[in-house]
Amino acid sequence: MKIQHNISLKQYNTFGIDVNAERFVEITSVMALKTLLATEKDLFIISGGSNMLLLSDIKKLVVLLNIEGIIIQETQDNDVFVTANAGENWHDFVLWCIDQNYGGLENLSLIPGNVGSCPIQNIGAYGVEVKDTIHQVTAVEIATGKTRIFSNEDCDFGYRNSIFKNELKGAYIITTVSFKLTKTTHQIHDGYGAIQAALKENNITEPSIKDVSKAVIAIRTSKLPDPKDIGNSGSFFKNPVVNTAVFEKIQGNYPSMPFYKVSDDNIKIPAGWLIETCGFKGKRYGDTGVHKNQALVLVNYGNATGKEIYALAEKIQTSVLKTFDISLDIEVNIVR
Ligand code: EPU
């Protein structure tokens, strides 16, 4: 365990923001993590670095969490419990599950980041959220160095939300995530329009989990920028939920607005549509911009600073508020 000094974090965050860590250490085992916690408490944890916007140099000790490994824990009739360590790359883990014919994660193919961060914002795509398969989460408390097991309920999951973003923000380091997956009879989630279209194009009527994964990969590749080519953090904002009165007022002016009903009085409006309607889609400002295929994604074309991207986010929020009277919440973790 060697502490390094003045390390650029550009390669460790998918936005590709070039800020420095005054001190930096890579951790590859829980034992090393606990040893570190005995003397260091003021930490900034980076795993896949896929859901953060870094605004300035990090004064805290930056810990690159790189604990790898997958264990098949227990199998029952149609269920298998698989535990992955936090540092496993998410998409590689999803592909590994599909190779074993373990179902449940296929709709979440190609999401950037590592396994350890998936519960924090309850990653979700194409009708599935990771909370649907998480059995339990193991985490080490920073204050005490003690291990705690969180059941699915303990995680208090919500839309792009969990206890790790709220009451316990910054208190625990997630070390493993256990998933309950299916072995033979899989539940296929192909109701999402774009998935159906992709399957139809390939004449697939009874899709396997691999077919669904391939469809998701094709959709994501066509819509979302690969962080290896253009820095980004996926959806920058959450989709806002409004009440029926607000929704009907907007719909009166924009009859073709897409929406999803979430309850009798609550309607989710795609933030991407709001941002596009405000004219930002595909716009570039210096090295920052709004992606041309999905307005929910802010991008770094090379040398943008975190502050420049944040300024663009604020400009978008102001415009959406002025046009629709809706406040857009940022989904990405802003690190000041
Ligand atoms: N839309 C526009 N303009 C845009 C983008 C979207 O009009 O620029 C419209 C689309 O035409 C569609 C609707 O908005 O009618 C929904 O678009 P899409 O299916 O792309 O999904 P989304 O609501 O924009 C959410 C997630 C994505 C996830 C997709 C698919 C959030 C914040 N984002 O986006 O998650 O991949 O659904 O399930 O909920 C991520 O979190 O990083 C992420 C990419």
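This section reports on the structure supplied with the text.

## Side note on the sheet that holds strand E16 (residues 266-268)
Next up, step 1: If you trace the three strands from one edge of the open sheet to the other, you get E14-E16-E15, paired in antiparallel fashion. Of all strands in the sheet, those with a lone pairing partner are strand E14 (241-243) and strand E15 (260-263), marking the two edges. The sheet shows a mean angle of 35 degrees between the axes of neighbouring strands, taken without regard to direction.
Next up, step 2: As defined by bridge partners, E14 adjoins E16 across three bridges and the pair is classed as antiparallel. Note on E16: the bridge partner recorded for Val242 is Ile267.
Next up, step 3: Lying over the sheet, helix H5 (residues 244-253) contacts E14 and E16, oriented at roughly 95 degrees with respect to E14.

## A word on the packing of aromatic side chains
Next up, step 1: By the definition in use, this model includes 15 aromatic pairs.
Next up, step 2: Both rings, one in Trp90 and one in Phe179, keep their centres 5.9 Å apart while their planes meet at 55 degrees; by these two values the pair is tilted. Taken together, the residues Trp90 in helix H2 (residues 90-99) and Phe179 in strand E12 (residues 172-182) connect sequence positions 89 residues apart. Across this residue pair, the class does not change: Trp90 and Phe179 are buried.
Next up, step 3: With a centroid separation of 5.4 Å and 85 degrees between ring planes, the pair formed by Tyr254 and Trp273 is classed as edge-to-face.

## Some points on the pattern of salt bridges
Next up, step 1: The final tally for this structure, using the stated rule, is nine salt bridges.
Next up, step 2: Close ionic contact of Glu129 with Lys131 constitutes a salt bridge, the shortest N to O distance being 3.7 Å.
Next up, step 3: Across the salt bridge formed by Arg160 and Glu331, the nearest N and O atoms sit 3.6 Å from each other. You can see Arg160 sitting in the loop between strand E11 (147-151) and E12 and its partner Glu331 sitting in the loop between helix H7 (306-324) and strand E20 (333-335), a full 171 residues away along the chain. Comparing Arg160 with Glu331, the two get one shared label, buried.
Next up, step 4: Via salt bridges that share partners, Glu129, Lys131 and Asp132 belong to a single interconnected network.

What counts and what doesn't
- Residues numbered from 1 in each chain as written.
- Predicted model: local features only at pLDDT ≥ 70, side-chain atom pairs only at ≥ 80, totals over all residues.
- Heavy atoms only, no water.
- Pairing = 2+ DSSP bridges.
- Helix = DSSP H or I, 4+ residues; strand = E, 2+ residues; numbered from the N terminus.
- Axes fitted to C-alpha atoms, helices over the stretch in contact; angles between N-to-C directions.
- Contact = heavy atoms within 4.5 Å.
- Phe/Tyr/Trp six-rings, centres within 6.5 Å; stacked < 30°, edge-to-face > 60°.
- Buried < 20%, exposed > 50% of the residue type's maximum accessible area, 1.4 Å probe, protein only.
- Salt bridge = Lys/Arg side-chain N within 4 Å of Asp/Glu carboxyl O.

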